[in-house]
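A look at the structure
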Amino acid sequence: MSRVVVLGGGLAGVLAAAVLAGHADEVILVEGDRYPSGPRPRRGLPQSHHSHVLVAGGARALDALLPGTVDALLANGAHLRGLPGDALIFSADGWFRRLRTDAHLISCTRGLLDQVVRRRALGGDDVEVWEDTRALGLTGDEARITGVSVSRRGAPPETVRADLVVDATGRRSHAPRWLARIGAGDIEEVSVATGLAYATRLYQAPGDLAAAIPAIMLHPGTAKGQPARGATLFPVEDGRWIVTLTGTRGGEPPTDELGFTAFARSLRHPIVADLMAEATPLGAVRPYRDTVNRRRFFERARLPAGFAVVGDAAVAVNPIHSHGMSVAALGALRLREELARHGIGPSLFAGLQAALAAEAERSWRMAIEQDGQRVTARIGEQAGEQATERATERATERVTEQATERAGRDDAPRREPNAFEREIRTRLAQAKLSSPRLAAAFFGVQTLISDDTATDRSEIARVLTGRPEPLLTGEEAIGQHPALAAWRRSRFAAATG
């Protein structure tokens, strides 16, 4: 009789347990806290009060794992917004024009997403859930994991035998320590700091505008010598908005009400502050500071057979990139594929961790490239250097090299851009992102290609080969979204009348 123990009852753990239930006689999911009874924040999830979006590739993976989940989310109040067609985006280079692509995001509270997924993944008898149970360590030796030591509801430790133990305990995983304790050796780890902090607050939106607005993203500006500041506003269930303010070192968003409001008002455009002023705050401002990109290279170690690591416990990128939930779903899909090929046994263990790492590779590279540029720009300003495009590129390359080669990953799988991506990059370099429409095209294609999906390439190719369009003003950008534009006009009329 085969048994699998999954440590950690967050999204990565729940999805892994659901997949493994189709291949093992018994699956035990160990969760350190108790699940809330409704769609509320989970105590053991540090980011549970903050913005969470599921991008297109992650949504497709989630539906492939648990068919009907996306429809269930939308039926319970989640919102789908096309990118960039249903988004108001102010990048460092200007306002995006609306462009229809297959890229999209789904926004809702993390509590709702977790509840819907848990009901669909754990609703039957295939997975036994042990709540209030703490994982204490692994049993076995450097060659083979035989189980895990746990403490159930504060009781004395007990050993649970397992053919496979999966660590899904997130950023705070103790797996490297556990492995060292049984003689399995060290795990190489790389961290890329971001200097970024953010703070989040929920609002009850005005009834006539609650669900009608686009996703709003004010990317940080690039004013020399100034901290980068930005904001996002997404509609979520029950007529609410979730607002997140971001800032780099020296410009962290305050957590008091007046400071939070003043920070929003200080941004490059007042749209988020104006919407906040029309809404009713719900609860406190919630800060978050652990935005370091951190990767543990389990795939490069000689892991004992019968052990695997999924989700943030292996690869945790800056949450501001909104990759985490999608990578968890894509990783679970890859786990299902590997189980279908090998079943639970030696042939699975030989290559499983490498397969899981390959699924997270693209997210890791995108995150450290973007955050590496942010760090490089800040260092350049502190040194009084004139930042050039090539200098930033070289520095970004150094960050990437340090984050991979330092861990001895010379033969790591590297995904080369395809011909269409190379064409996009060439066009963007030539245009220097002078056209928000070009930027919008790139945004949509990058999201789609990174998710391995098809896209309307004819429309994007037409944009890329055409002449750059004039930059939009803020009012023109807002005017692309009728409900938002009508609200702005009525607000202005009320203020001047």
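Each value, and the rule that gives it
- Residues numbered from 1 in each chain as written.
- Predicted model: local features only at pLDDT ≥ 70, side-chain atom pairs only at ≥ 80, totals over all residues.
- Heavy atoms only, no water.
- Helix = DSSP H or I, 4+ residues; strand = E, 2+ residues; numbered from the N terminus.
- Contact = heavy atoms within 4.5 Å.
- Areas by Shrake-Rupley, 256 points an atom, 1.4 Å probe, with all protein chains shown as cover.
- 1 Å grid on protein atoms, 1.4 Å probe; cavity = no way out; pocket = protein on both sides within 12 Å on 5 of 7 lines; lining within 4 Å.
- Points joined across faces, edges and corners; volume = space filled by probe spheres on them.
- Nonpolar A, V, L, I, M, F, W, Y, C, P; charged D, E, K, R; others polar.
- Pairing = 2+ DSSP bridges.
- Axes fitted to C-alpha atoms, helices over the stretch in contact; angles between N-to-C directions.
- Parallel < 35°, antiparallel > 145°, perpendicular 65-115°, else oblique.
- Left-handed = near helix turned anticlockwise from the far one by under 90°.
- Core = buried A, V, L, I, M, F, W, Y, C linked by side-chain atoms within 4.5 Å.
- Buried < 20%, exposed > 50% of the residue type's maximum accessible area, 1.4 Å probe, protein only.
- Arc of directions from axis to C-beta.

Considerations on the overall build of the chain
- Per the secondary structure count, the chain includes 15 helices and 21 strands.
- Taking the contacts inside the chain whose residues are at least 6 apart along the sequence as the reference set, 74% of them involve residues at least 24 apart.
- Surface accessibility of the chain: about 21,400 Å² in total, with carbon and sulfur atoms responsible for 49%.

A closer look at empty space enclosed by the protein
- Inspection of every chain in the model, using the stated rule, returns three cavities of 30 Å³ or more.
- Lining of the largest cavity is provided by 19 residues; of these, Val309, Val310, Gly311, Gly331 and Leu356 occupy positions nearest its centre.
- For the lining of the largest cavity, the elements supplying multiple residues, two or more each, are α1 (11-20), α8 (324-342) and α9 (346-382).
- For the lining of the largest cavity, the residue count by class is 13 nonpolar, three polar and three charged.
- In this structure, the second largest cavity spans a volume of roughly 50 Å³.
- Forming the walls of the second largest cavity are Gly311, Asp312, Val315, Ala316, Val317, Gly324, Val327, Ala328 and Ser363.
- Contributions of two or more residues to the lining of the second largest cavity are made by β21 (315-316) and α8.
- Its residues assigned to classes, the lining of the second largest cavity comprises five nonpolar, three polar and one charged.

Considerations on the sheet that holds strand β19 (residues 293-296)
- Spatially, three strands are ordered β13-β19-β21 in an open sheet, and the strand pairing comes out antiparallel. Each edge of the open sheet carries a strand with a single partner, namely β13 (189-192) and β21.
- Examined bridge by bridge, β19 and β21 share two bridges and lie antiparallel to one another. Bridging across to β21, Arg295 finds its partner in Val315.

A few points about the packing of α1 against helix α4 (residues 110-122)
- Packing of α1 against α4 brings their axes to within 10 Å, and their N-to-C directions diverge by 15°. Taken together, α1 and α4 sit at an angle that is classed as roughly parallel. The handedness of the crossing between α1 and α4 comes out as left-handed. Packed against α1, whose contacting residues are Leu11, Val14, Leu15 and Ala18, the element α4 presents Arg110, Leu113, Asp114, Val117, Arg118, Ala121 and Leu122 at the interface.
- Class assignment for the residues of the contact of α1 with α4 results in eight nonpolar, no polar and three charged.

Some words on the layout of surface pockets
- By volume, the second largest pocket is sized at about 300 Å³.
- Lining the second largest pocket are 18 residues, with Pro41, His49, Thr109, Leu202 and Arg240 sitting closest to its centre.
- Broken down by secondary-structure element, the contributors of at least two residues to the lining of the second largest pocket are α4, β14 (196-204), β17 (240-248) and β18 (280-288).
- Ranked by residues supplied to the lining of the second largest pocket, first place goes to β18 with four residues.

Overview of the nonpolar core
- Judged by nonpolar contacts, the single largest core of 50 residues is most densely connected at Leu15 and Leu20.
- With eight residues, the top contributor of residues to this core is α1.
- When near neighbours in sequence (up to four residues on either side) are disregarded, Leu15 contacts Leu62, Leu65, Leu66, Val117, Ala328, Ala329 and Ala332.
- Counting 34 residues, the second largest nonpolar core, distinct from the first, contains Trp130, Ala313, Val327 and Ala360.

Section: unusual backbone geometry
- A cis amide bond, omega -5°, links Leu83 with the succeeding residue Pro84.
- Relative to the helices and strands, Pro84 is located in the loop between β4 (79-82) and β5 (87-91).
- For Asp238, which is not a glycine, the phi torsion comes out positive at approximately 65°.
- Relative to the assigned elements, Asp238 resides in the loop between β16 (229-236) and β17.
- By relative accessible area, Asp238 is classed as exposed at 58%.
- If you check the backbone angles, Ser322 has positive phi at about 60° while not being a glycine.
- In this fold, Ser322 is placed in the loop between β21 and α8.
- Classification of Ser322 as partly exposed rests on a relative accessible area of 23%.

Some points on the packing of helix α6 (residues 257-265) against helix α7 (residues 271-278)
- Interhelical geometry of α6 versus α7 gives an angle of 140° and a closest axis separation of 7 Å. The angle between α6 and α7 places the two elements in the oblique class. On the side of α6, the interface is formed by Phe260, Thr261, Ala264 and Arg265, while α7 contributes Ala273, Asp274 and Met276.
- Each residue belonging to the contact of α6 with α7 can be placed in one class, and the counts come to four nonpolar, one polar and two charged.

Concerning the sheet that holds strand β12 (residues 164-167)
- Pairing is parallel across the open sheet formed by five strands, whose spatial order is β8-β2-β1-β12-β20. Edge positions in the open sheet fall to β8 (127-130) and β20 (307-309), since each of these has one partner strand only. Within the sheet, the average angular offset between the axes of one strand and its neighbour, ignoring direction, is 20°.
- The pairing of strand β1 (residues 3-7) with β12 spans four bridges and is parallel. Bridge assignment links Val5 to a residue of β12, and that residue is Val165.
- Those strands touched by α1 are β1, β2 (26-30), β8 and β12, and its axis lies near 175° from that of β2.

A short note on α6
- Gly259, Phe260, Phe263 and Ala264 are the residues of α6 that are buried. Angularly, the buried residues of α6 cover 135° about the axis, an arc narrow enough to put them on a single face.
- Those residues of α6 that are buried lie in contact with β14, β16, β17, α7 and β18.

Quick word on the side chain of His104
- Within the fold, His104 resides in strand β7 (residues 104-108).
- Overall, His104 belongs to the buried group, its relative accessible area being 15%.
- Other than its neighbours up to four places away in sequence, His104 contacts Leu54, Val55, Ala56, Ala59, Arg60, Leu80, Arg81, Gly82 and Leu83.

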